[in-house]
Amino acid sequence: VFPRTANEIIRGQLAALGGTVVGEMYLPLGESRNSTVGAIVDEIQRTLPSGGVIFNTLNGDSNVKFFHMFYDAGLRADTHPTMSVSITETEISVIGVEYLIDHYASW
């Protein structure tokens, strides 16, 4: 429920500021298969080849796989900053700080 509700609010705020959402994908809670999480990273690369802001509403362990695959794909915060709203200190330590440099997170 949280990711869909947060994304609805984000779409409204972006529209009010003249921005647009160019993609939106969801994963089941705890999903960490390479093929499933990798599809999101592939879509980001396809949709935003020159960069753009990613608003991340993934929950739990899915964030670990996502940030590792994001980094391994060569995506960095200087061109593809990620704003995450569901990452705790525990997940940050499991993901590894080196994968999160210059990205944004709140809880």
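Above this text you will find the structure in question.
Rules used in this analysis
Residues numbered from 1 in each chain as written. Predicted model: local features only at pLDDT ≥ 70, side-chain atom pairs only at ≥ 80, totals over all residues. Heavy atoms only, no water. Pairing = 2+ DSSP bridges. Helix = DSSP H or I, 4+ residues; strand = E, 2+ residues; numbered from the N terminus. Contact = heavy atoms within 4.5 Å. Axes fitted to C-alpha atoms, helices over the stretch in contact; angles between N-to-C directions. Buried < 20%, exposed > 50% of the residue type's maximum accessible area, 1.4 Å probe, protein only. Salt bridge = Lys/Arg side-chain N within 4 Å of Asp/Glu carboxyl O. Polar contact = N/O pair within 3.5 Å; in protein donor to acceptor, adjacent residues only side chain to side chain. Phe/Tyr/Trp six-rings, centres within 6.5 Å; stacked < 30°, edge-to-face > 60°. Lys NZ or Arg CZ within 6 Å of the ring centre and 35° of its normal.

**Quick look at the sheet that holds strand β1 (residues 54-56)**
Right, on to step 1. Spatially, β1-β2-β3 is the arrangement adopted by the 3 strands of the open sheet, whose pairing is parallel. Among the strands making up the open sheet, the edge pair consists of β1 and β3 (104-105).
Right, on to step 2. With 2 bridges connecting them, strand β2 (residues 82-84) and β3 associate as parallel partners. Note that in β3 the partner of S84 across the bridge is A105.
Right, on to step 3. Against the sheet, helix α3 (residues 62-72) contacts β1 and β2, and its axis sits at roughly 160° relative to β1.

**Some remarks on the side chain of S62**
Right, on to step 1. Mapped onto the secondary structure, S62 falls in helix α3.
Right, on to step 2. For S62, a relative accessible area of 1% translates into the label buried.
Right, on to step 3. S62 has contacts with L27, P28, G30 and E31, leaving out every residue within four places of it along the chain.

**Looking at the environment of L48**
Right, on to step 1. On the secondary structure map, L48 appears in the loop between α2 (34-47) and β1.
Right, on to step 2. The spacing of L48 and H80 is 32 residues in sequence and 8.3 Å in space, taken between C-alpha atoms.

**Remarks on the pattern of salt bridges**
Right, on to step 1. For the coordinates displayed, the defined rule picks out 4 salt bridges.
Right, on to step 2. Residue R11 is joined to E24 by a salt bridge in which the shortest nitrogen-to-oxygen separation is 2.5 Å. A residue pair is termed long-range when its members are at least 10 positions apart, and R11 in helix α1 (residues 2-16) and E24 in the loop between α1 and α2 qualify at 13 residues.
Right, on to step 3. Across the salt bridge formed by E31 and R33, the nearest N and O atoms sit 2.8 Å from each other.
Right, on to step 4. Overlapping salt bridges bring together E8, R11 and E24 as one network.

**What to know about the environment of R33**
Right, on to step 1. Residue placement: R33 occurs in the loop between α1 and α2.
Right, on to step 2. Expressed as a C-alpha distance, the spacing of R33 and F66, which sit 33 residues apart in the sequence, is 9.8 Å.
Right, on to step 3. Polar contacts involving the side chain of R33 include one to the side chain of E31, which spans 2.8 Å.

**Regarding the packing of aromatic side chains**
Right, on to step 1. Applying the stated rule across the entire model yields 4 aromatic pairs.
Right, on to step 2. Here the aromatic rings of F66 and F67 are separated by 5.1 Å at their centres, their planes lie at 80°, and the arrangement is edge-to-face.
Right, on to step 3. When its relative accessible area of 1% is taken as the criterion, F67 is described as buried.
Right, on to step 4. Here F67 and F70 contribute two aromatic rings whose centre-to-centre distance is 6.3 Å and whose plane-to-plane angle is 65°, an arrangement assigned as edge-to-face. Residue F67 and its partner F70 are located together in helix α3, separated by 3 residues, close to a single helical turn. Per residue, the accessibility class of F67 equals that of F70, and both read buried.
Right, on to step 5. Here the aromatic cluster, defined as three or more aromatic residues joined through ring pairs, consists of F66, F67 and F70.
Right, on to step 6. Across from the ring centre of Y26, 3.9 Å away, lies the NZ or CZ of R4, which sits over that ring.
Right, on to step 7. Against the face of Y71 rests R76, its NZ or CZ located 3.6 Å from the ring centre.

The values are spatial; any link to function lies outside them.
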